[in-house]
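Descriptive structure summary
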Amino acid sequence: MGLPVAPFAGDMYGPDAVIMKGITGANWRLQDYLSRGGYSALKKILSEKIPPEQVVAELKKSALRGRGGAGFPTGLKWSFMPRQYPGAKYLVCNSDEGEPGTFKDRDIMRYNPHILIEGMAIGAYAMGIPVGYNYIHGEIWDVFERMEEALAEARAASFIGKKILGSEFNFELHNHHGWGAYICGEETALLESLEGKKGQPRFKPPFPASFGLYGKPTTINNTETFAAVPWIINNGGDAFLALGKPNNGGTKIFSVSGDVARPGNYEVKLGTPFAKLLEMAGGMRDGKKLKAVIPGGSSMPVLPADIMMATDMDYDSIAKAGSMLGSGAVIVMDETRCMVKSLLRLSYFYYEESCGQCTPCREGTGWLYRMVDRIEHGKGKPEDLDLLNSVADNIQGRTICALGDAAAMPVRAFIKHYRDEFQHHIDHKQCVVPTYI
Amino acid sequence: MLEIEIDGRKLEVPDGSTVMDATNQAGVYVPHFCYHKKLSIAANCRMCLVHVDKAPKPLPACATPVTNGMKVFTHSEQAINAQKGVMEFLLINHPLDCPICDQGGECQLQDLAMGYGGSGSRYEEPKRVVNNKNLGPLISTDMTRCIHCTRCVRFGEEIAGIMELGMIGRGEHAEIIAFVGKTVDSELSGNVIDLCPVGALTSKPFRYSARTWELTRHSSVSPHCGLGSNLTVQVKQNRVMRVLPRENDAINECWLSDKDRFAYEGLNASDRLVKPMIRENGAWREVDWQVALEFAANGIRKVRDQHGAVHVAALATPHQTVEELYLLQKLAHGLGSSNVDFRTRQSDFSADSNVVPWLGMAIADIAQLDRVLVVGSTLRKDHPLIAHRIRQAAKRHLQVNLIHVTDDDLAMRITNKAIVAPSQMARQLAQLVAAVAHAKGAPLPAGLAGTEAGDAAKRMADSLLSGKNCALFVGNFAQHHPSATQLHALVQTLADLLGAKFGFLGEAANSVGGYLAGAAAGGMNALQMMREPRQAYLLLGAEPELDCYDPQQAMSAMKQAEFVVALSPYQHQALDYAHVMLPVAPFTETSGTFVSTEGKAQSFRGLVQPLAETRPAWKVLRVLGNLLQVDGFDYDSSEAVLKDALSGSDPTSRLNNRLTQGVIGKIEAQGSGDIERIAEVPIYQTDAIVRRAPSLHKTRDGAVPVAGMNGEMYERLGLRDGDQVKVNGSSLLSAVLDEKLPAGCIRIPAGHPLTAKLAGMFDTVTIVRVAAQHKVAV
Amino acid sequence: MSASSVLSAASLARIDQAVAKYPPDQKRSAVMAALTIAQDEKGWLSTETMDCIAQYLEMAPVAVYEVATFYTMYDRKPVGKCKLAICTNLPCALQGATVAAAYLKQKLGIEFGETTADGAFTLKEAECLGACGDAPVLLVNNKRMACAMSPDKLDKLIEEMK
Ligand SMILES: Cc1cc2nc3c(=O)[nH]c(=O)nc-3n(C[C@H](O)[C@H](O)[C@H](O)COP(=O)(O)O)c2cc1C
Ligand code: SF4
Ligand code: FES
C-alpha cells in the first residue's frame, strides 16, 4: 500500500498530532498500537468500571465536535441515545469519506486502525450498544481489507466481541463497504445503504437516535470523531478542550490538497492560523500566488486568498469568514486557476452524485451544471448569473438532505467572490486566466 | 392533543399528527404529489413546503410532525416561493404534452401548474427524455412525464406486498422500471395508475379512448368477489369506458383489484347476446321478446305438466343480484319446484339449512386481529383486498396461519403453514383441534379420539392460543371441498375452543345475498340437479360448463334436457343445448343489490342503457312469472323486489355461521392413493364478465392452464421438459414442475374451457404422459 | 435457477460470510457485498446474476437492480479486462489528474466510458476516490488504488495490466 506520496521526515502529521501521533505509515498493527499506549482508555473504563454517563460527560467537556462535516457536539449526540432502550441498538462509523478534498479517514484507518476500533468500543460502552458497523468508502478497498485485519486482531485480543477483556461488556463490530456513491456519506443515506438499499437519505425527523439502522436507535459518528475519543478518556475532556479553543476543542486533521507543494494530512490544534497550515503543506507549489481556498471540502463556500490568510482554522472562525470548516478539506487554488472551470467540475460532481429522490436537487443540480457548462464554453448569457443564483436559492434549504445545499453553496460563493471572472466568460467567451487547469 | 395555528386559525390535532394531517383537518389545501394517505411518507417531491414560524427554512407539510404551539403559514411569501420553486423544477424536464396525454384533465401536475407554475420557462437547456417501459397488458407508460414521486414503488412494497416496480439509477437518471423483462400485473397492480399523479402510468386498455371530460361518472358495486368493492364507472356514449375505485374506507379503501378494474372490458365483449333467440328444429333464430318469452313459458309449462314440477330446476350464479335470485326462486316455487340453487361450485351441501355463511366480522375489523387461521384459500388471488388487509395487519402484530393445498407466494408474512393434499385438510385441522384441546385441557371432540398433533399443528396451536383477537377464515377451496361441512364443523369446534371468531370468505358478489334471497331453496341443490338430470333448466347467468363443480356432468344434464332456458348477457355454450336464449343485463345495465361477505347490502343502479335488446333480468323474470301465471309477480321496480326479498329486515340479523350440531364425523385416514386434483378457479375465470376481459387474460394470471406437480410426481410420471399430459383421457395440458404442491397431487385449474371436459373439481384423475415429440393437436 | 448454477461455491461462501454480519432477518444488508463478490467472479453483473442474488438474499429482483444501478462501481455491461477509473475531481485536477487523464486517453486511444478494441482496457471517469492527497489517483479493477500516477507510472501500469 505504500507510504504517502511525499514522505516527509519526522512526525508526518505535524508536531501537535494526537490521533496520528507517532504514525509512520508502517506501524498499524495491534502490537504497535499497544506499544503506543493504545487501548489503555478502554482498559481503564472497563477495569475502573467508569459509569457510562461519566464517559459522555467527559466528551461533553471536551467540546469535541463531529468531524464529518456538520460539527455537531459529540457528547450531546451521545446523550441522545436512549441508553435504557431494551431492544437492538446500533453504533455506526461513517468512513464513507467521499467529499472532494477529504482523505483523512483513509489515513486513520490504514495507518492507525485500532484507534478507531477503540473509540467505537468506548462509544458503544457509553451508550450501551452491542453492535456496530463501520461503513467504508467503496473506493478504498485496500483500507477495507486492512480494517478487516485489524478487527480480527482486536477480536482475537478481546477488545471486541463478547465479555471484552473479561468484563460484562459485549460489543461486536463489522466493516461494511460502499461501492461508489458519495451520498452514502450522508448519515441516513448511509443507514439505508447498510440496510441493503439505495443510498437515499431519509427525511428527518425522526433522527437516527430514535429511528436509525433497521428502525432502531442508532448513533453515527465520523471516523475522526471516534478516533479522538481514546485521547479524551486518557487525558480528560478539559485537556482536549485546551488543545483548541472554547467550543472548538482538540486537534483536527486537515486534508490539504490542490496547489500546495506537499498535499497531505496535517493534524493541528483547532484555531491554528491558515497561514501556518499552508506552511506545513510546503506553501504554494512552484511559488505561485494564492488565489482562493475552499476551506472545508467541496461543498463549502470558496474564500478569496486575503480572507483566508487572515483566518484561523476552527469552526467559529471560518464561519465568521463566510464559509464552513466542514470535513476539514482545504482545497488550495493558485492564481492560474479559472474559477468558472473550477466551479464547473464541482457542479458536475453534485449533478452526478445527487441521489435523485427529491425534486430540487434532482432537477436543480443538472440545471446548475448545464448553465455553468455553457458559460465555461462561451455560451453564457447576461442573465445567467442571476439565474444561477436564483436556481441555487431554489435548491438550498428545500431538499431532504444537505446535498442540495452542498450543490448550491459553491455556486453562490464562486459568483459572489469571482463575479468578474464569470462576467468575463460571458462577455468575451473566454477566460481571464491565461493558463487553464 | 396538540395545538397548532394554520394561517392564523387555531385548532387541535391528535398527537403524532403531521402538518399535512392538520391542514387536511383544517380544510386547507397544501399542494402535494408524493404524499398519499395510505402510503409511507417519502417527502421527496417537496411540493408541500410550508412556512413554519421559527424554522429557518420551509418544511414539508407531509413529513413534519406537529409540535405544540406550532404556527404554520401555507400562503406566506416564503411558502409560496418555495412551492413555486419546486413547481418550476418539476416542469423543466417535463414534456408538457398535455394535449396528447391520457391524464389530461385529471392530472395533479397540470392542475397545480395552473396555480404555481410560471407562464414561461427559464430553463433553456435540453430536456430529458426517458425511454418507455413495457409493463405488460394493463399499464401503459410515458416515462418522460414521471416526476419521481415513488408512489408506484411504495405501493408495491407496502400495499401489494410485492415490489414490481423500482426506481433505478440515480440523480437525473433515476427512472421507474420493472425488473428487466418482467411485467407488472399482480392482482392489485392497476392501482398505480390511480396513484401516479401525472400521466406516466396510465391504463392500457383505456388508452386514447376518451378524454376525462367526455366521461360521465356513476357509482356502482363490483359484481365479482365477495368484498363488494365500491366502483366509479365511467361512461361515454352509453359504453363503459373505465372503472375506478370509489373510496370506501370500510370496504375497499381507495383501492381496486385488477379484476374489479379491468373486467369491464367483458361488458363490451363481442359475444354479447343482443336479441332473444329460440331454437326450433335444431336451428336458432332471433325473435321478438314477446315470442321468446312465450316460447320459454310454454316450454317450461310443458315440462312441468308432463314430468312434474320436480323436473324443473333453476340454476343461477352467485354473481346475480338479490332481486334476480329472489324472483328466480319465487318463480320456481310458483311452478311447484324448490330445485333452485346458486352455489354452483359447491359439492357438499350437508350444512344445516339455517346456515348463512358470511365473514363472521366486519371487513374493517381485520386490522385489529392478532391471530388468523386461513383454511383453503389462495388469499391473494381469491380475495385481493382482504389479503391486503391481512397483509397490513401481518406487518404489525398479526400472525397468519395457513392450512392449504398450495404454497403459492401470498406476498405476506405467514407465521405457520401446513400444505397438504386436499384429502388431508380435515386431518390437518383435526390435529390442530387436538393440539388446542390438549393445551386447554379440554376433552377431544367426538370423532377425534386418538388424533395426534404433528409439529405444524402444534406450532399453529401455539400461535393461535397466544393471541387475544383471533379469527378463523374458511376460503373458497374449503367451501368447494366435498368435505366442506366437516371442515366447517372442525373450524367451528376450533373457534369455540379458542374463543375465536370464524367465518367464510365469500367467493362471489352475492355469496351471502343468494341465501338471503332464498335461492338455496332446499330442493335439489346445484350438484343434485346435474347428477340426477332434470327435464327443464332455467339458467340465470350460469354457464354450467364453466361455473359448475362437475362441468362434464353439467353438460350432459343440459344436453339431455327437454327444455333449457338461458338468461344471459352472453352467447355461450348454451347455443349447443338451450332452447331459448334471453339477453339479460349485466350489472351496469340494471339496478340491483349485492350483499357482501360482511353482510352489507349495497344497491346500485343501471348506468348505461341495456345493449340492443337486452333487458334487466328482474323484468324478464317478472314477465315469465306473469306468463306462467304465478302469483306475486307484479313488481314495478327492483326496489320493490328487494323489499320482498329481504322481507324488509336487516340482512345482518340472518347471517349465521353456526352448525347447530357441529358434528365432525369420521376423519378420512388417508387418501385413496390415486392422484388428487387441486382445482382452484383462476382469478380471471370466476365469472362470465371477467372471463371475457381480454387484457386480464394477457397477464400471468390469465395464462393458459397447465398441469402442475412436484418433482416426485413429475418423476413418477416419467415427464421431461416440454411434455404434456392427458388427463382422464380427454384434456391435454402442458406439464410443469411446481414445487409448491403437496405430494400425490396435480394442480389443474377449474372454470376454464381447457379443463371443462374433466369431471368434478375434487375427483381423482388419471394422467398419461404425452411425450414432447408426439404432441397432439387439441 | 439455483444460486449455485450461477455463482461458484467460493463466491457463495463469501456471500454467506457477509450475510453473517447482519441480523438474521436482515439478509439484504449483504446485497452490496454479494454484488461485489459476484462482479469479482463474473467481471460484470448480468440480469441472471442479479436475479440469482435476489433469490439468494430473498429480495425482490427489482430491489437488487435498484442497488446495482445506484452505486457506480457495479458494471451492468461487460468491461475490459482491466478497468481504470481515474478521479478528475477538482482537488485531483489541480494536482495533475487532468493531464494524467488526457495521457491515458491518448495512450489507450479511447474516451471515458469506452473499452479498447482488444477488450483489454476500459477507462472511466471517477468522482472523488477519497485519496486526493495522492493525486493523480486511479482505481484499477475497483480494488487497487494507484497513487501519484505520473505518465511513466501510467506506462508501467498499462504494461503490467496488458
Ligand atoms: C452529502 C453529504 C455527504 C456527507 N459525507 C460525509 C462523509 O463522507 N463522512 C462523514 O463522516 N460525514 C459525512 N456527512 C455528514 C454526515 O451526515 C453526519 O453528519 C456525520 O457522519 C456525523 O458524524 P459526526 O457528528 O461525527 O461528524 C455528509 C453529509 C452530507 C449531507
Ligand atoms: S438533496 Fe439530493 S441527495 Fe439529498 S435526498 Fe434530495 S435528491 Fe437525494
Ligand atoms: S407531498 Fe410532501 S414532499 Fe411530496
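What you are looking at is a predicted structure, and each value in this text was computed from that prediction instead of being measured.

Observations regarding the overall build of chain B
Secondary structure summary: chain B contains 23 helices and 32 strands in total. Radius of gyration (C-alpha) of chain B: 28 Å, near the 28 Å computed for a compact globule of 778 residues. Over its C-alpha atoms, taken along the principal directions, chain B stretches across nearly 90 × 70 × 65 Å. Evaluated residue by residue, chain B yields a buried proportion of 64% over its 778 residues. A sequence separation of at least 24 residues applies to 73% of the contacts in chain B between residues at least 6 apart. Carbon and sulfur atoms provide 50% of the accessible area of chain B, an area that totals close to 28,000 Å². Each charge class in chain B can be summarised by its mean position, and for the 78 positive and 82 negative side chains these summaries are 2 Å apart.

Considering the site of ligand 1
Residues and elements named next belong to chain A. Near ligand 1 you find 18 residues, and of these G68, N94, N221, N222 and T225 are the closest. At a separation of 3.2 Å, a nitrogen atom of ligand 1 approaches a polar backbone atom of G185. Contacts to ligand 1 include E187, whose backbone N or O atom sits 3.0 Å from an oxygen atom. In the complex, 90% of the free accessible area of ligand 1, which totals 610 Å², lies under the protein chains. If one sorts the elements of the shell around ligand 1 by residue count, strand β4 (residues 218-222) sits on top with three residues.

Let's talk about empty space enclosed by the protein
Residue and element names in this part refer to chain B. On inspection of all chains with the given rule, the structure shows twelve cavities of 30 Å³ or more. The space that makes up the largest cavity amounts to roughly 220 Å³. Around the largest cavity, the lining comprises 18 residues; the ones closest to its centre are H319, Q320, P569, P586 and I689. Taken together, the residues of the lining of the largest cavity break down into nine nonpolar, six polar and three charged. Taken as a whole, the second largest cavity encloses approximately 140 Å³ of empty space.

Some words on the pairing of strand β2 (residues 9-13) of chain B
All names here are of chain B. Relative to β2, strand β1 (residues 2-6) runs antiparallel, the two being bridged by five bridges. By the bridge assignment, L2 is partnered in β2 with V13. Taking the residues that link successive antiparallel strands as the turn, the β1-β2 hairpin has two residues, and the phi of D7 there is positive, at about 45°.

Here's the deal with a nonpolar patch on the surface
Together, F72, L76 and F80 of chain A give the surface a local cluster of nonpolar side chains, amounting to about 260 Å² of exposed area. Positionally, F80 of chain A belongs in helix α4 (residues 74-80).

Topic: the site of ligand 2
In the vicinity of ligand 2 there are 13 residues, among which C355, C358, C361, T399 and C401 of chain A approach most closely. Residue composition of the shell around ligand 2, by class: eight nonpolar, five polar and no charged.

Section: helix α15 (residues 359-376) of chain A
All names here are of chain A. Taking 1.5 Å per residue as the helical rise, α15 with its 18 residues ought to reach 26 Å, and the 26 Å between its terminal C-alpha atoms agrees with that figure. When you tally the buried positions in α15, you get 17 out of 18 residues, the bulk of the element. With its phi angle positive at about 75°, G378 sits one or two positions after the end of α15.

Overview of the sheet that holds β4 of chain A
Where strands meet in a sheet, backbone hydrogen bonds hold them as pairs that are either parallel or antiparallel. Residues and elements named next belong to chain A. Strand order in the open sheet formed by four strands is β3-β2-β1-β4, and the pairing between neighbours is parallel. The open sheet has two edge strands with one neighbour each: β3 (172-177) and β4. Direction aside, neighbouring strands of the sheet carry axes that sit 20° apart on average. Judged from the six bridges that link them, strand β1 (residues 90-95) and strand β2 (residues 131-136) form a sheet pairing that is parallel. Within the sheet, the bridge partner assigned to V92 lies in β2 and is Y133. The sheet strands contacting helix α7 (residues 141-156) are β2 and β3, and the helix crosses β3 at an angle near 170°.

Quick notes on helix α2 (residues 40-47) of chain A
All names here are of chain A. Among the residues of α2, those classed as buried are A41, L42, I45 and L46. The buried residues of α2 occupy an angular sector of 125° when projected down its axis, which confines them to one face. Structurally, α2 contributes buried residues whose contacts are with α3 (52-62), α6 (113-127) and α9 (223-235). Phi turns positive, to about 50°, at K49, one or two residues after α2.

Digging into unusual backbone geometry
Here the bond from K204 of chain A into P205 of chain A is cis, since omega is 0°, no more than 30 degrees from zero. Omega for the bond connecting P205 of chain A with P206 of chain A falls within 30 degrees of zero, at 0°, which places this linkage in the cis form. Structurally, the position occupied by P206 of chain A is in the loop between α8 (187-194) and β4. The phi angle at A43 of chain B is positive, at roughly 55°, despite the residue not being glycine. Mapped onto the elements of the fold, A43 of chain B is located in the loop between α1 (19-26) and β3 (49-52).

Points about the interface of chain C and chain A
By a widespread convention, an interface's size corresponds to the accessible area lost as its parts come together. Taken residue by residue, the interface counts 43 residues in chain C and 60 residues in chain A. Of the roughly 4,100 Å² buried where chain C meets chain A, counting both sides, 60% is carbon and sulfur surface. The closest approach of N and O atoms between K198 of chain A and E66 of chain C, which form a salt bridge, is 3.5 Å. At the junction of chain C with chain A, the criterion picks out 20 residue pairs in polar contact (both at pLDDT 80 or more). Among the secondary structure elements, those contributing two or more residues to the side of chain C that touches chain A are α3 (31-42), α5 (61-70), α6 (90-94) and β2 (121-126) of chain C. With five residues, the single largest contributor to the side of chain C that touches chain A is α3 of chain C. Of the residues in the side of chain C that touches chain A, the class split is 24 nonpolar, twelve polar and seven charged.

With respect to the confidence of the model for chain B
Summing up the model confidence of chain B, the mean pLDDT is 95 and the portion of residues at 70 or higher is 99%. Reported for the predicted complex are a pTM of 0.95 and an ipTM of 0.95.

Focus: the interface of chain B and chain C
Facing 14 residues of chain B, the contacting portion of chain C comprises 13 residues. For the pair chain B and chain C, the summed buried surface comes to about 1,100 Å²; carbon and sulfur atoms form 70% of the total. Interface area lost by chain B to chain C is led by M163, R170 and F179 of chain B, which between them contribute 56%. Summed over the shared surface of chain B and chain C, the result is one salt bridge. In this structure, D51 of chain C engages K182 of chain B in a salt bridge whose closest nitrogen and oxygen atoms are separated by 3.9 Å. The tally of links between chain B and chain C comes to three residue pairs in polar contact (both at pLDDT 80 or more). Taken together, the elements giving at least two residues each to the side of chain B that touches chain C come down to β7 (165-168) and β8 (175-178) of chain B. Looking at the side of chain B that touches chain C, the element that brings in the most residues is β7 of chain B, giving four residues. Of the residues assigned to the side of chain B that touches chain C, the class counts are nine nonpolar, two polar and three charged.

Quick look at the confidence of the model for chain A
Of all residues in chain A, 97% have pLDDT values of 70 or greater, and the mean over the chain is 95. Every residue in residues 1-7 of chain A is under pLDDT 50, and counting partners more than four places away or in other chains gives 15 contacts.

So, the sheet that holds strand β23 (residues 563-568) of chain B
All names here are of chain B. Pairing is mixed across the open sheet formed by seven strands, whose spatial order is β14-β13-β24-β23-β22-β15-β16. Of all the strands in the sheet, the pair left with one neighbour each is β14 (283-286) and β16 (340-341). Two strands pair when backbone bridges link them, and β23 and strand β24 (residues 580-583) are joined in this way by four bridges, in the parallel orientation. Its bridge partner being in β24, S568 is matched across the sheet by P583. Lying over the sheet, helix α8 (residues 322-335) contacts β15 (312-316), β16 and β22 (536-540), oriented at roughly 175° with respect to β15.

Each value, and the rule that gives it
- Here the residue numbering is sequential within each chain, running from 1 through the sequence in written order.
- Working convention: letters from A go to chains and numbers from 1 go to ligands, in the order in which they are written.
- Reporting of local features is limited, given that this is a predicted model, to residues whose pLDDT is at least 70; pairs of side-chain atoms are given and counted only at 80 or more, and all residues count toward the totals for whole chains, interfaces and linings.
- With hydrogens and water set aside, each side-chain value is computed from the structure's full complement of heavy atoms.
- The helix count covers DSSP runs of H or I at least four residues long, the strand count covers runs of E at least two residues long, and both are numbered beginning at the N terminus.
- Atoms counted for the radius of gyration: C-alpha only. Globule rule: 2.2 Å times residue count to the power 0.38.
- Each residue is assigned to one of three classes by its accessible area relative to the maximum for its type, calculated with a 1.4 Å probe on protein chains only: buried under 20%, partly exposed between the two thresholds, exposed over 50%.
- In what follows, residue pairs with any heavy atoms lying within 4.5 Å of each other are defined as contacts.
- Areas reported here follow the Shrake-Rupley algorithm with a probe of radius 1.4 Å; residue values treat only the protein chains shown as occluding.
- Note on charges: Lys and Arg go in the positive column, Asp and Glu in the negative column, and His and the chain ends are not counted at all.
- For charged residues, the charge sits on one atom: NZ in Lys, CZ in Arg, CG in Asp, CD in Glu.
- The nearness test applies per residue and asks whether one of its heavy atoms lies within 4 Å of the molecule or strand.
- Throughout this description, a polar contact denotes any pair of N or O atoms lying within 3.5 Å of each other; where both atoms belong to protein, one of them has to be capable of donating a hydrogen while the other can accept it, and for residues adjacent in sequence the pair is counted only when both atoms sit in side chains.
- Here a cavity means grid points, on a 1 Å grid over the protein atoms only, where a 1.4 Å probe fits yet cannot get out; a pocket means an open set of points with protein on both sides within 12 Å along at least five of seven lines; lining residues are those with an atom within 4 Å of a point.
- Grid points are joined across faces, edges and corners, and a volume is the space filled by probe spheres set on the points.
- Note that Gly is not counted as nonpolar here; it falls among the polar residues with everything else outside the nonpolar set of Ala, Val, Leu, Ile, Met, Phe, Trp, Tyr, Cys and Pro and the charged set of Asp, Glu, Lys and Arg.
- Any two strands with at least two DSSP bridges between them are considered paired.
- What goes into a patch is any residue over 30% in relative accessible area without a salt bridge, connected to like charges within 9 Å or, for nonpolar side chains (Val, Leu, Ile, Met, Phe, Trp, Tyr), within 5 Å.
- Only one rule defines a salt bridge in this text: a Lys or Arg side-chain nitrogen within 4 Å of an Asp or Glu carboxyl oxygen.
- Between the first and last residue of a helix there are one fewer steps than residues, each counted as 1.5 Å, and that sum is the expected span.
- Only the stretch in contact is used when fitting a helix axis, every axis being a line fitted to C-alpha atoms; angles between N-to-C directions are given from 0 to 180 degrees.
- As used here, the arc belongs to the directions running from the helix axis to the C-beta atoms.
- Two parts lose some accessible area (1.4 Å probe) when they are put together, and adding that loss for both gives the buried area.
- Summary of the metric used: pLDDT quantifies the predictor's per-residue confidence within the range 0 to 100.

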